Number of protein chains: 2
Amino acid sequence: MVRKETFEVRTKMGGTGIGEAYVYDIVKKEDLRGHGRLYAKIVLPPGSTIGWHQHKGETEPYYILSGEGDFTDTDGSVTKVHAGDICTIEVNGYHALENNGTEDLALIALIYNE
Amino acid sequence: MVRKETFEVRTKMGGTGIGEAYVYDIVKKEDLRGHGRLYAKIVLPPGSTIGWHQHKGETEPYYILSGEGDFTDTDGSVTKVHAGDICTIEVNGYHALENNGTEDLALIALIYNE
């Protein structure tokens, strides 16, 4: 089956995120068959952030599609990220992402279980 | 951890695919923790295809990033797909994808278990 993506506007991404985020579900939670809970494209406009948050019992790689931003890792280190970067964390790790650039920052997020 | 994507050139995608495909691993099989076996961006140049193949005991949604092509579903129906289209199949389903356009066809593929 082929369907068109749809998005929801969300705020407070990661609990403390700033601004709006556009979340395009690729596979809904109920169709991930218990392996995880999110598989989506996320678009952060300039100034928007995903707040620092933990993934207990799960992990969430980000795959950057376009734009640039600052990725904060479990250890607090900050790395400038661009298209083609893969931001991983360990199970139970923490992360955050800030679009401090001038273009939309688009990424694919997949949350899956330990 | 942030790492840069890398790719492998593959042929005979899906067993009978035509031409070359560029496969950029997002998460390697061993890091999918038993939930699946592929999470990658795939780029099909014009003329390249992923051959008709089955996913026994698993499923594989395609998320189209750019370009256009023909997606063949389990029932043999063919749908023209573009950026933002999500091509799903049921567990044990079949699919194929053909880039018969003039630009690269880029997609995200995730193979996960039933």
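Below or above, wherever it landed, is the structure these notes cover. (Residues numbered from 1 in each chain as written. Chains lettered and ligands numbered in written order. Predicted model: local features only at pLDDT ≥ 70, side-chain atom pairs only at ≥ 80, totals over all residues. Heavy atoms only, no water.)

### What about the overall build of chain A?
As a reminder of what qualifies: Helix and strand labels come from DSSP, where a helix needs a run of H or I of at least four residues and a strand needs a run of E of at least two; each type is numbered from the N terminus. Each radius of gyration reported is based on C-alpha atoms, and the globular scaling rule is 2.2 Å times the count of residues to the power 0.38. Contacts: residue pairs with any heavy atoms within 4.5 Å of one another. Only four residue types enter the tally: Lys and Arg on the positive side, Asp and Glu on the negative side; His and the chain ends are excluded. For this purpose, a charge sits on NZ of Lys, CZ of Arg, CG of Asp or CD of Glu.
Assigned secondary structure in chain A consists of zero helices and 12 strands. Listed by position from the N terminus, the elements making up chain A come as β-β-β-β-β-β-β-β-β-β-β-β. Against the compact-globule benchmark of 13 Å for 114 residues, chain A has a radius of gyration of 13 Å, which places it among compact chains. For chain A, the spread of C-alpha atoms along the principal axes amounts to about 35 × 30 × 25 Å. Pairs at least 24 residues apart make up 58% of the contacts formed inside chain A by residues separated by at least 6 positions. In chain A, 11 side chains carry a positive charge and 18 a negative one; their mean positions are 8 Å apart.

### Structural notes on the sheet that holds strand 5 (residues 49-54) of chain B
Residue and element names in this part refer to chain B. So the rule is basically this: Note: two strands are recorded as paired if DSSP finds a minimum of 2 bridges between them. Here an axis means a line fitted to C-alpha atoms, over the contact stretch when the element is a helix, while the angle between two N-to-C directions is reported on a 0 to 180 degree scale.
Within the open sheet, the four strands sit side by side as 5-11-8-9. Their pairing is antiparallel. With partners counted over all chains shown, the strands left at the sheet margins are strand 5 and strand 9 (78-81), one partner each. Adjacent strand axes in the sheet meet at a mean angle of 15° when their direction is disregarded. In terms of strand pairing, strand 8 (residues 69-72) meets strand 11 (residues 94-98) through three bridges, oriented antiparallel. When the sheet's bridge partners are listed, Thr72 is paired in strand 11 with Ala96.

### Quick notes on the interface of chain B and chain A
Counted only if it meets this: The term buried area refers to how much accessible surface (probe radius 1.4 Å) is lost by two components on association, counted for both of them together. Only one rule defines a salt bridge in this text: a Lys or Arg side-chain nitrogen within 4 Å of an Asp or Glu carboxyl oxygen. In protein, a polar contact means a hydrogen-donor-capable atom and an acceptor-capable atom, both N or O and within 3.5 Å, with residues adjacent in sequence counting only if both atoms are side-chain atoms; elsewhere, any N or O pair within 3.5 Å suffices.
Contacts between the two partners involve 33 residues from chain B and, on the opposite side, 33 residues from chain A. Between chain B and chain A the total buried area reaches about 2900 Å² when both faces are included, carbon and sulfur atoms providing 57% of it. Scanning the region where chain B abuts chain A turns up two salt bridges. Between Lys4 of chain A and Asp85 of chain B there is a salt bridge, and its shortest N-O distance comes to 2.9 Å. Put simply, chain B and chain A have 19 residue pairs in polar contact (both at pLDDT 80 or more) between them.

### Here we look at the relation of the copies chain B and chain A
Here is the rule: Copies overlap after least-squares fitting; the atoms used are the C-alpha atoms of residues with pLDDT of at least 70 in both.
Once chain B has been moved 0.0 Å along the axis and rotated by 180°, it coincides with chain A to within an RMSD of 0.0 Å. Such a turn and shift between the copies fits a two-fold axis. Looking at the rotation axis and the C-alpha trace of chain B, the residue lying nearest is His35 of chain B, at 3.1 Å. The share of interface residues of chain B whose copies in chain A are also at the interface is 100%, consistent with both copies meeting through the same surface.

### Observations concerning the packing of aromatic side chains
To keep things clear, this is the line we draw: Centres within 6.5 Å make a pair out of two Phe, Tyr or Trp rings, where for Trp the six-membered ring is used; the pair is then stacked when the planes are under 30 degrees apart, edge-to-face when over 60, and tilted otherwise. Per-residue accessibility, obtained with a 1.4 Å probe over protein chains only, is compared with the maximum for each type, and a residue is labelled buried under 20%, exposed over 50%, and partly exposed between these values. In our convention, an over-ring charge means Lys NZ or Arg CZ found within 6 Å of a ring centre and within 35 degrees of that ring's normal.
Enumeration according to the criterion identifies nine aromatic pairs over all chains in this entry. Look at Tyr39 of chain A and Tyr39 of chain B: their rings are 6.0 Å apart centre to centre, the planes differ by 80°, and that puts the pair in the edge-to-face class. A residue pair is termed interchain when its members come from two chains, as with Tyr39 of chain A in strand 4 (residues 36-44) and Tyr39 of chain B in strand 4 (residues 36-44). On the basis of an interplanar angle of 45° and a centroid distance of 5.1 Å, the ring pair of Phe7 of chain B and Tyr24 of chain B is categorised as tilted. Placement of Phe7 of chain B in strand 2 (residues 7-11) and of Tyr24 of chain B in strand 3 (residues 20-27) is noted, with a sequence separation of 17 residues between them. Phe7 of chain B sits in the partly exposed class, given a relative accessible area of 43%. The class for Tyr24 of chain B is buried, based on a relative accessible area of 15%. For the cation-ring pair, Lys41 of chain A lies above Tyr24 of chain A, with the distance from its terminal atom to the ring centre recorded as 4.5 Å.

### A short note on the pairing of strand 7 (residues 62-66) of chain A
Residues and elements named next belong to chain A. As judged from the two bridges shared by strand 7 and strand 10 (residues 85-87), these two strands associate in the antiparallel manner. By the bridge assignment for strand 10, Tyr63 is matched with Ile86. Bridging between strand 7 and strand 12 (residues 105-113) involves four bridges; their strand directions are antiparallel. Bridge assignment links Ile64 to a residue of strand 12, and that residue is Leu107.

### Regarding unusual backbone geometry
All names here are of chain A. With phi around 55°, Lys12 is a residue other than glycine that occupies positive phi space. You can see Lys12 is positioned in the loop between strand 2 (7-11) and strand 3 (20-27). What makes Lys12 exposed here is its relative accessible area of 58%.

The quantities given are spatial measurements derived from coordinates; they are silent on function.
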